[in-house]
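Chain by chain, the residues run as shown.
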Amino acid sequence: MRTVTWETDDGYTIQLGAEPPFLFKELKDNLGATAEVVKPPRFDGQRTYHVALASRIINITGSMVAYGNKQLDAQIVFDRHRSHLSQAFSPNRWGYLTYHSAAGNRRIYCRPLATPTFGSRVGITCTLDIEFTSGWEKRPGRDDSCDDQRRSGH
C-alpha cells in the first residue's frame, strides 16, 4: 500500500493513504538542471563544463473526504479538514516528506511551495494538490559545518 507522511519540524503530522479523510493518489518528482556548454570553432559537438541542479519539485495529488453526522454537518467537517491541511502545509514549515511503497521508503527534507490547492467539492470529496521544494537549508539536529568547509575549499 502506498502512503505519504508529512512531519513538520514543529510537530504537525499528516498522512495521505487509502483511508479517509486524506486519500493519496499520485506523487510526481521532478529534478531539473542547467548545463553550461561551449562549442569551439571547427569542433564537432560541444563540451559541458558545468552543471547546476535546480531545486527539486515534488507534487502530491489526492482527495479529501468529509463525512458529516447528526451533530456535525459535512461542510463543517470539510472546513476543519481544509484548515488543518492549510496549517500543516504552510510554506514557512520545513519537515520530512516520506513516501512509503512496496519498494521501500523514500524520505526528503523539504517545504511546501504554497498552501494546498483544493478542487471543487463534489458530494463529500474534493481534490487536493500540494507542491514541495527541497533546498540547501540547514536541517535540524545536523551539523553542516563540514559541508560548509567543503564548499569553501578548506
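What you see is a predicted model; the values in this text were computed from it and never measured.

Asker: Lay out the packing of aromatic side chains with the relevant residues and their values.
Answerer: In this structure the tally under the stated criterion is six aromatic pairs. Seen in terms of ring centroids, Trp6 and Phe89 are 5.9 Å apart; in terms of plane orientation they differ by 20°. Their pairing is stacked. Note that Trp6 is positioned in strand E1 (residues 3-8) and Phe89 in the loop between helix H1 (74-88) and strand E7 (95-101), a separation of 83 residues in sequence. The pair Trp6 / Phe89 is uniform in exposure class, with both members buried. Aromatic rings pair up to connect Trp6, Phe89 and Phe132 into one cluster. Above the ring of Tyr96, the side-chain terminus of Arg107 is found at 3.9 Å from the ring centroid.

Asker: Can you explain the nonpolar core? Please cite residues and give values.
Answerer: Counting 24 residues, the largest nonpolar core has Leu16, Leu85, Phe89, Leu97 and Phe132 as its most contacted members. Listed by contribution, the elements that provide at least two residues to this core are E1, strand E2 (13-16), strand E3 (22-30), strand E6 (57-65), H1, E7, strand E8 (104-112) and strand E10 (125-133).

Asker: Residues and numbers for H1, please.
Answerer: Over its 15 residues, H1 extends 21 Å from the first C-alpha to the last, a length consistent with the 21 Å expected when each residue adds 1.5 Å. When we look at burial in H1, the residues that qualify are Ala74, Val77, Phe78, His81, Leu85 and Ala88. End-on, the buried residues of H1 take up no more than an arc of 100°, which puts them together on one face. Packing partners of the buried residues in H1 comprise E1, E2, E3, E6, strand E9 (117-118) and E10.

What counts, and where the lines are drawn
Residues numbered from 1 in each chain as written. Predicted model: local features only at pLDDT ≥ 70, side-chain atom pairs only at ≥ 80, totals over all residues. Heavy atoms only, no water. Phe/Tyr/Trp six-rings, centres within 6.5 Å; stacked < 30°, edge-to-face > 60°. Helix = DSSP H or I, 4+ residues; strand = E, 2+ residues; numbered from the N terminus. Buried < 20%, exposed > 50% of the residue type's maximum accessible area, 1.4 Å probe, protein only. Lys NZ or Arg CZ within 6 Å of the ring centre and 35° of its normal. Core = buried A, V, L, I, M, F, W, Y, C linked by side-chain atoms within 4.5 Å. Expected span 1.5 Å × (residues − 1). Arc of directions from axis to C-beta. Contact = heavy atoms within 4.5 Å.

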